[in-house]
Amino acid sequence: MIELAGVTYTYPDTERAVLHGLDLSITEGIVFGIVGASGVGKSTLAKVISGFIPHSEGGELEGAVTVAGIDVVKATLLDVVSKVGLVTQNPFNQITGARFSVEEEIAFGLENLGIPRDEMIERVGAVIARFGIQELRDRSPFALSGGQQQLVAIASIVVMEPAILVMDEPTSQLDPSGTRLVFDIIDRVAEQGTTVVLLEHKLELLREHAQVVAVLAEGRIVLSGAPREVLADDRLDQWGVGSTRFTSAARAAISAELASADSAIPVSLKEAVSYFSGGRR
Amino acid sequence: MSSTTAEPNKTRNLIFIILGALVVIATYLYLIIGQPTDIAAGLGPSALIALAGYLIGAILIGVGAIHRLPTNTLVLIPVAIAINIVVGQLTAALGLPFYFDSIGTILVAVVAGPAAGAVTGAFTNVIWGLTLSPLALPFAITAIVIGVLAGYAARIGVFRTYWLPPIAGLVTGVIAALVSAPIAAFIFGGATGGGTGAIVAAFQAFGNSLLASTTLQGLLSDPVDKLITFTVVMLILLALPTRFKQRFPFVRQYNVLPGTKAKKLD
Amino acid sequence: MTTLYLDRPSPIHRLNPVTKLVGLLAVVLVVFALPQWWASVAILVLVMVPAAVVSGVGGRLLLVTLILAGPLLLVLIIAQGFFYPGRETILFALGALQFSLEGLLLAVGVGTRTAVLVAASVLLLLTTHPGALMTALTERGMPAKVSYVVSSTLQIIPAFRTRAESILLAQRSRGLRTRGNIVRRVRVLLPLVTPLVLGVFVDVEERSTAMEARAFGSTRSRVSYAVIPDSRGQQFSRWALIVLALAVVVLSFTGVLR
């Protein structure tokens, strides 16, 4: 579904490449998490996958980027945008202001794509129902909380029925309840068969919601695999990623010789309970 | 999508702009040269010609210019207009003898060029007309002129120095006053709000024609207002970190601001 | 949303926005084309007053028109009453100043014309939701970029105003006075401008990306999601109004209506 091969990218008027010979392969229909230190290039990678690099940003891009069967570099941005959706961090910046109600704001992308009205009404209604935001329909998008605005932003993209949804730290500006709302939506979207590429810091939530997790460091993907293994890897610190509370607790216990170094290091709460109870729970 | 306008559209937009400019210039010349300058003319055909000519010209220029703007320039404009309106209103509320309602216009013009400045100016008057007073609409062409002049001033390097922006502001203010004078005289009879009507009447009392009076009233306030605004914009841009300014293609291409020449940096 | 729009169940509210816009243009064309001093007064009485009554927002319309156009009419009466160069009939004198009838009539002519301009525009604004106006115009060929700029600006102004007010409040509580000499009052503006300006530069890319992610700028022919009702009757009326207004203009310019 998504294939990046040997991707190297340098922003305009800069000398150092942000991505260096990056290879990445993502299969269809899963939630694929990508972690990495701040500033390492997660947003850059998000833009490469969604086509905004090179079409909007310029700069020098080498390598092959194939997404949902399209060669991103050769296609137009419009072609890519219909297949790949992008959601970013700040909910307020994704409310276009072009429309005065949530319902019309969600329909905005469909209007731009030239979708017939009957189909627009059907799709918008379906997305609003699926996201459970019926009571927000007639409200002004500017009168919503951050979490609600982010839901509207995601709905505006999902309604365009992209095969792939790229989400660049979608919960970094939200409080815990807003974060829960968004991750809940991520599950629902993945259930419909959309491939979700989720660039995130919140490791524990990635453990729960992602099927594969990859680590971005030094301009490349340096590790990729099941969340349990990747998030317990001891090189994460050197890559600037950090660990979940449960992993840190387990490691501390091991160095204090309070726990065994043989069992698999826990990454989630359930695993931690099992680990610390010696497998009894 | 960076070139959403196909080639035939590019020509069409240019034609709109040039046509609009010609309409405005023709209207202006007709009013200045061909018409009696006292208020009797205010109830004659010159009022309609002034209104129609300036509005049609402004619409043509505005539409032609807006199509030339890529999305990353377009998103600057609503915020810049909001600045114009909020600062302009506050200035009036404070009772200051200035307008300060074109800070956003000039700011956008300097970082994104004359077309962007024109659109910001035009739509500031549209929004002002929609929310505060419809009397602002006929003056849209003045706001366009200010945006265009500021943009071209930036393009030729005025904002690379410390002493040229105030002068450019002064010149822009003079031209703005000259453009506004026929609008104030022929459409509004000299009374456009605030204390302007009284000042215009005072000039008339000294024997000046209506057109001359509105021109003099404009020259009292516009040049100083624009001088200050250009200077404020220069200071704002000087204080802004380079990485914000560097991102604008217009700034890089024409080396608009000190230290932003297009070059490879780390 | 900061326009004057007041939601009321009136026939004028229900009209298609373009019909109302054409009505406004027709009224403005007519009052600017007719040279008689009483032309605008007649339009005010015969057209604007009935429309105000029917629209259910007559009170607000009257208030806004008085506030915006009233002072101008007064200034004009004083300025042109005393200083109009073509004075012949003197009504009264104040010391050396002579108040002429010609000046008065001219002032009334121009002043009421401005009042009609204000009243007709404000009536449109009071009875038309800006979103509906933008959609109706876009359906008829107005560029989507124009609709975006207008709608987006209208919606972010309240947030900017609130931010400005809280900055002002903070200043006042720190003792900065908003009265006093000019320099002091100008200083009030300075701390206000910087954060507002930063709002221009920060997040430009994210906002731009969000627009492009929604295919904005696509050249595909679009249908609008919202439905703005129209009718054959209104279509006909629009053409009739345009023809009528142009007829008045032509007749006036060719001297027939002088």
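Residues numbered from 1 in each chain as written. Chains lettered and ligands numbered in written order. Predicted model: local features only at pLDDT ≥ 70, side-chain atom pairs only at ≥ 80, totals over all residues.

Comments concerning the overall build of chain A
Turning to step 1, where the next piece is worked out: Within chain A one finds twelve helices and ten strands.
Turning to step 2, where the next piece is worked out: Over its C-alpha trace chain A gives a radius of gyration of 20 Å, about what one expects of a compact globule, namely 19 Å for 281 residues.
Turning to step 3, where the next piece is worked out: Overall, the C-alpha framework of chain A stretches about 65 × 45 × 30 Å when taken along its three principal axes.
Turning to step 4, where the next piece is worked out: By residue count, 48% of the 281 residues in chain A fall in the buried class.
Turning to step 5, where the next piece is worked out: Restricting the contact set of chain A to residue pairs at least 6 apart, pairs at least 24 apart contribute 65%. (Helix = DSSP H or I, 4+ residues; strand = E, 2+ residues; numbered from the N terminus. Rg over C-alpha atoms; globule rule 2.2 N^0.38 Å. Buried ≥ 20, exposed ≤ 12 C-beta atoms within 10 Å, placed from the backbone. Contact = placed C-beta atoms within 7 Å.)

A short note on the interface of chain B and chain C
Turning to step 1, where the next piece is worked out: Contacts between the two partners involve 58 residues from chain B, matched on the other side by 63 residues from chain C.
Turning to step 2, where the next piece is worked out: Elements that contribute at least two residues to the side of chain B that touches chain C include exactly α2 (45–67), α3 (71–74), α4 (76–93), α5 (103–112), α6 (114–131) and α9 (196–205) of chain B.
Turning to step 3, where the next piece is worked out: For the side of chain B that touches chain C, the element with the most residues is α4 of chain B, which contributes 13 residues.

Some details on the environment of Pro-85 of chain C
Residues and elements named next belong to chain C.
Turning to step 1, where the next piece is worked out: Among the structural elements, Pro-85 can be located in the loop between α4 (58–83) and β1 (90–94).
Turning to step 2, where the next piece is worked out: A residue is classified by how many C-beta atoms lie within 10 Å of it, and Pro-85, with 15 of them, is partly exposed.
Turning to step 3, where the next piece is worked out: Along the primary structure Pro-85 and Met-48 are separated by 37 residues, whereas in three dimensions their C-alpha atoms are 32 Å apart.

Focus on the domain arrangement of chain A
Residue and element names in this part refer to chain A.
Turning to step 1, where the next piece is worked out: When cut into domains, chain A gives domain 1 (2–243) and domain 2 (244–281).
Turning to step 2, where the next piece is worked out: Distance from the C-alpha centre of domain 1 to the C-alpha centre of domain 2: 32 Å.
Turning to step 3, where the next piece is worked out: When residues of the side of domain 1 that touches domain 2 are traced back to their parent elements, those giving at least two are α9 (203–209) and α10 (227–230).
Turning to step 4, where the next piece is worked out: No other element matches the four residues that α9 contributes to the side of domain 1 that touches domain 2.
Turning to step 5, where the next piece is worked out: Along the lines of polarity and charge, the residues of the side of domain 1 that touches domain 2 split into four nonpolar, one polar and four charged. (Domains from an automatic or database assignment. Nonpolar A, V, L, I, M, F, W, Y, C, P; charged D, E, K, R; others polar.)

Observations concerning the interface of chain A and chain C
Turning to step 1, where the next piece is worked out: Taken together, the 30 residues of chain A in the interface contact 27 residues of chain C.
Turning to step 2, where the next piece is worked out: Of all elements in the fold, only α3 (77–83), β6 (84–87), α4 (91–94), α5 (102–113), α6 (117–131) and α7 (146–158) of chain A reach the threshold of two or more residues within the side of chain A that touches chain C.
Turning to step 3, where the next piece is worked out: Broken down by element, the side of chain A that touches chain C gets its largest block of residues, seven residues, from α5 of chain A.

Quick notes on the pairing of strand β10 (residues 220–225) of chain A
It is a general feature of regular strands that their side chains alternate between the two faces of the sheet.
All names here are of chain A.
Turning to step 1, where the next piece is worked out: Looking at chain direction, strand β9 (residues 212–217) and β10 are connected through five bridges and run antiparallel. In the sheet register, Val-215 faces β10, and the bridge partner there is Leu-223.
Turning to step 2, where the next piece is worked out: Hairpin connection of β9 to β10: two residues between the antiparallel strands, including Glu-218 at a positive phi of 50 degrees. (Pairing = 2+ DSSP bridges.)

Focus: the domain arrangement of chain C
Turning to step 1, where the next piece is worked out: Looking at chain C, the domain boundaries give domain 1 (11–128 + 228–253) and domain 2 (144–213).
Turning to step 2, where the next piece is worked out: Each of domain 1 of chain C and domain 2 of chain C was reduced to a C-alpha centroid, and the two centroids are 35 Å apart.

Some words on the sheet that holds β10 of chain A
All names here are of chain A.
Turning to step 1, where the next piece is worked out: One open sheet holds the six strands; their spatial order is β6-β7-β8-β3-β9-β10, and the pairing between them is mixed. Strands at the two margins of the open sheet, each flanked by one partner only, are β6 and β10. Recorded for the sheet is a direction-independent mean angle of 20 degrees between the axes of neighbouring strands.
Turning to step 2, where the next piece is worked out: The pairing of strand β7 (residues 164–168) with strand β8 (residues 195–199) spans five bridges and is classified as parallel. Bridge pairing in β8 places Val-166 opposite Val-197.
Turning to step 3, where the next piece is worked out: Contacts between helix α1 (residues 42–49) and the sheet are confined to β3 (31–36), β6, β7, β8 and β9, with β7 contributing the most and set at about 160 degrees to the helix. (Axes fitted to C-alpha atoms, helices over the stretch in contact; angles between N-to-C directions.)

Re α4 of chain B
Turning to step 1, where the next piece is worked out: Helix length check: α4 of chain B, at 18 residues, gives a terminal C-alpha distance of 26 Å against a target of 26 Å (1.5 Å per residue), a fit within 8%.
Turning to step 2, where the next piece is worked out: Across the 18 residues that make up α4 of chain B, a large majority, 15, are buried. (Expected span 1.5 Å × (residues − 1).)

As for helix α7 (residues 144–173) of chain C
Turning to step 1, where the next piece is worked out: For α7 of chain C, spanning 30 residues, the distance from its first C-alpha to its last is 44 Å, which sits close to the expected 44 Å at 1.5 Å a residue.
Turning to step 2, where the next piece is worked out: Roughly 30 degrees is the biggest bend found in α7 of chain C, and it falls at Ile-156 of chain C, with proline Pro-158 of chain C one to four residues downstream. (Bend = angle between axes of the 7 residues up to and from the residue.)

Details of the packing of α5 of chain B against helix α7 (residues 140–155) of chain B
Residues and elements named next belong to chain B.
Turning to step 1, where the next piece is worked out: At a minimum axis separation of 8 Å, α5 and α7 run at an interaxial angle of 35 degrees. For α5 against α7, the interelement crossing comes out right-handed. Note on element contacts: α7 touches α5 through Ala-143, Ile-146, Gly-147, Ala-150, Gly-151 and Ala-154, opposite Thr-105, Ile-106, Ala-109 and Val-110. (Left-handed = near helix turned anticlockwise from the far one by under 90°.)

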